[in-house]
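The lines below spell out each chain.
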Amino acid sequence: MTTLRTAAPAKSRFAGLGARFAVAAGLMLPVLPVEASAQAQGQIQSQTQGQAPAVPVQAPAQAVLAGGKLEAKYEASLAGIAVGKGQWAIDINEDQYSATASGGTAGLLKAFAGGSGSGQSTGRVVAGALVPSNYQAVTTSAKKSETIKMLITPGYVKEFSIEPEPPLDPEKIPITDAHRRNVIDPMTGSLMRVGGTGELLTPDSCRTAASIFDGRMRYDLKLDYKRMESVKAEKGYRGPAIVCAVYFTPIAGYVPDRAAIKYLAAQRNIEVTLVPIAGTRVLVPYRMVVPTPLGVAMLEATEFVTTPAPAKAVAKTN
């Protein structure tokens, strides 16, 4: 005999899902609803029954750009209803980069399930590629606060911790040393560097993949080209954008039978809209759209102000 649990009130389910999505949106995670969808696992269960990072191409020395900055604000919505706000600051120069984000619930959602989050990733720029060294994410809700930290050497997560330490779950696929190799953190994974010296917004720019470890889960993201379009922020960027399909493949650190993970892995309609940071060959999300059982989850920029760093003179040698 199967025991059925009484479903939570629709308002409560929406609040829980919306809060987790809003916080994740603030952290700019590549797959925003992984944690949020878990909150709606009961509903998903009733509706469903279940590459290595791109190698950077070094540009000729004379084509290397000095870098650029981004100051952006985003709004998160679920089924057309505003659930959160976030902001993102990125600074990329010739030899290092940093990305800092924060966000939380907004509007009526605060009355049901408040939450907030912040995150930061720092690293070096090597031959044009972004090589992370440190990552931290903090999430806070009415019930708990959690901090994830990672120390990263090139291609390897040397140390990572979750505070407070979560209880062991024997059903989870364990994270091994191999799962910590040839990976990047989720925030660096949101910064897509395009190799070479040609046009940035071409179909080939979407055809890439990344191996991500977020301190809890190891997963792969594969992108593919969908279309070109124009975007217009309320403040800042107005111009062309490239839309990529996103495919999520869990590897380790998750429970295989979890309906939320199965649901996401089966999705073929997740997409991200990318635009460039001025002065760099880095594309970043302007908009992200993810189907969920409660409606379409969307993260979209309202302000997207990007400025190039002043170019430095290059000494000529005979």
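Just above sits the structure.
Our subject in this report is the structure included herewith.

1. Observations regarding the overall build of the chain
For step 1, the next point in the chain: Secondary structure summary: the chain contains 5 helices and 15 strands in total.
For step 2, the next point in the chain: Across the 318 residues in the chain, those meeting the buried criterion constitute 49%.
For step 3, the next point in the chain: When the accessible area of the chain is evaluated, it comes to approximately 16000 Å², of which 53% is carbon and sulfur surface.

2. Thoughts on the environment of V296
For step 1, the next point in the chain: Tracing the backbone shows V296 in strand β15 (residues 295–308).
For step 2, the next point in the chain: For the pair V296 and A79, spaced 217 residues apart in the sequence, the C-alpha separation amounts to 5.1 Å.
For step 3, the next point in the chain: What V296 contacts, discounting residues up to four positions off in sequence, is S77, L78, A79, G80, V289 and V290.

3. So, the pattern of salt bridges
For step 1, the next point in the chain: As enumerated under the stated definition, the model contains 10 salt bridges in all.
For step 2, the next point in the chain: For E146, the salt bridge is made with R216, and the minimal N-O distance between the two is 2.5 Å. Of this pair, E146 sits in strand β6 (residues 145–153) while R216 sits in the loop between β9 (209–213) and β10 (218–232); the two residues are 70 residues apart in sequence, bridging distant segments of the chain. Each member of the pair, E146 as well as R216, carries the same accessibility label: buried.
For step 3, the next point in the chain: The network of salt bridges with shared partners includes K226, R227, E229, E271, R287 and E300.

4. As for the side chain of H179
For step 1, the next point in the chain: Structurally, H179 can be placed in the loop between β7 (156–163) and β8 (192–193).
For step 2, the next point in the chain: Assessed through its relative accessible area of 18%, H179 is described here as buried.
For step 3, the next point in the chain: Of the polar contacts made by the side chain of H179, one reaches the backbone nitrogen of T176; its length is 3.0 Å.
For step 4, the next point in the chain: Sequence-distant contacts of H179, that is, excluding residues within four places in its chain, are made with P174, R218, I251 and A252.

5. Notes on the state of the cysteines
For step 1, the next point in the chain: Within this structure, the stated rule accounts for 1 disulfide.
For step 2, the next point in the chain: The disulfide that involves C206 links it to C244, with 1.8 Å between the sulfurs. The disulfide joining C206 to C244 has a torsion of about -75 degrees about its S-S bond and is therefore left-handed. Residue C206 is found in helix α4 (residues 203–206), and its partner C244 is found in strand β12 (residues 238–252); the two are separated by 38 residues along the sequence.
For step 3, the next point in the chain: Overall, C206 belongs to the buried group, its relative accessible area being 0%.

6. What to know about the packing of aromatic side chains
How two aromatic rings sit relative to each other is set out by the distance from centre to centre and by the angle between their planes.
For step 1, the next point in the chain: Evaluation of the coordinates by the stated rule reveals 5 aromatic pairs.
For step 2, the next point in the chain: Ring centres of Y286 and F304 lie 5.9 Å apart, and the angle between their planes is 55 degrees; this geometry places the pair in the tilted category. In this pair, Y286 sits in strand β14 (residues 282–292) while F304 sits in strand β15, placing the two residues 18 residues apart along the sequence. Across the pair, exposure class does not vary: Y286 and F304 are buried alike.
For step 3, the next point in the chain: Counting every residue linked through ring pairs, the aromatic cluster contains Y237, Y286 and F304.
For step 4, the next point in the chain: Just above the ring of Y156 sits the side chain of R181; from NZ or CZ to the centre is 4.3 Å.

7. Thoughts on the nonpolar core
For step 1, the next point in the chain: Ranked by size, the top nonpolar core spans 36 residues in total, and within it W88, I90, L191, V284 and F304 carry the most contacts.
For step 2, the next point in the chain: At the level of elements, β1 (68–78), β2 (81–92), β3 (96–105), β5 (129–141), β6, β14 and β15 are the ones that each hand at least two residues to this core.
For step 3, the next point in the chain: Per-element tally for this core: the top contributor is β1, with 5 residues.
For step 4, the next point in the chain: Discounting chain neighbours no more than four positions away, the residues touching I90 are G68, K69, L70, S98, A99, L191, I277 and V284.
For step 5, the next point in the chain: Counting 25 residues, the second largest nonpolar core, distinct from the first, contains V194, C206, F248 and M288.

8. Details of the pairing of β2
Every other side chain in a regular strand lies on the same face of the sheet, so the side chains alternate between the two faces.
For step 1, the next point in the chain: Pairing between β1 and β2: 11 bridges, direction antiparallel. Bridge pairing in β2 links K73 to Q87.
For step 2, the next point in the chain: Following β1, the chain reverses through 2 residues before pairing antiparallel with β2; A79 in that reversal takes a positive phi of roughly 55 degrees.
For step 3, the next point in the chain: Bridge analysis of β2 against β3 gives 9 bridges, and the strand direction is antiparallel. Considered in β3, the bridge of G84 is made with T105.
For step 4, the next point in the chain: Counting the residues that bridge the hairpin from β2 to β3 gives 3 residues.

9. Some details on the pairing of β7
For step 1, the next point in the chain: By the bridge criterion, 7 bridges tie β6 to β7 in an arrangement that is antiparallel. Its bridge partner being in β7, K149 is matched across the sheet by S161.
For step 2, the next point in the chain: The turn linking β6 back onto β7 is made up of 2 residues, and G155 within it adopts a positive phi angle of 80 degrees.

10. Considering unusual backbone geometry
For step 1, the next point in the chain: E163 connects to P164 through a cis peptide bond whose omega is -5 degrees.
For step 2, the next point in the chain: Assignment of secondary structure puts P164 in the loop between β7 and β8.
For step 3, the next point in the chain: Notably, A127 is not glycine yet its phi reads approximately 50 degrees, a positive angle.
For step 4, the next point in the chain: Looking at the secondary structure, you find A127 in the loop between β4 (115–126) and β5.
For step 5, the next point in the chain: Judged by its relative accessible area of 39%, A127 falls in the partly exposed class.
For step 6, the next point in the chain: You will see that N182, though not glycine, has its phi angle at about 55 degrees, which is positive.
For step 7, the next point in the chain: With respect to the secondary-structure elements, N182 resides in the loop between β7 and β8.
For step 8, the next point in the chain: According to the relative accessible area criterion, N182 is exposed, its value standing at 55%.

Conventions adopted
- Residues numbered from 1 in each chain as written.
- Predicted model: local features only at pLDDT ≥ 70, side-chain atom pairs only at ≥ 80, totals over all residues.
- Heavy atoms only, no water.
- Helix = DSSP H or I, 4+ residues; strand = E, 2+ residues; numbered from the N terminus.
- Buried < 20%, exposed > 50% of the residue type's maximum accessible area, 1.4 Å probe, protein only.
- Areas by Shrake-Rupley, 256 points an atom, 1.4 Å probe, with all protein chains shown as cover.
- Contact = heavy atoms within 4.5 Å.
- Salt bridge = Lys/Arg side-chain N within 4 Å of Asp/Glu carboxyl O.
- Polar contact = N/O pair within 3.5 Å; in protein donor to acceptor, adjacent residues only side chain to side chain.
- Disulfide = S-S within 2.5 Å.
- Phe/Tyr/Trp six-rings, centres within 6.5 Å; stacked < 30°, edge-to-face > 60°.
- Lys NZ or Arg CZ within 6 Å of the ring centre and 35° of its normal.
- Core = buried A, V, L, I, M, F, W, Y, C linked by side-chain atoms within 4.5 Å.
- Pairing = 2+ DSSP bridges.

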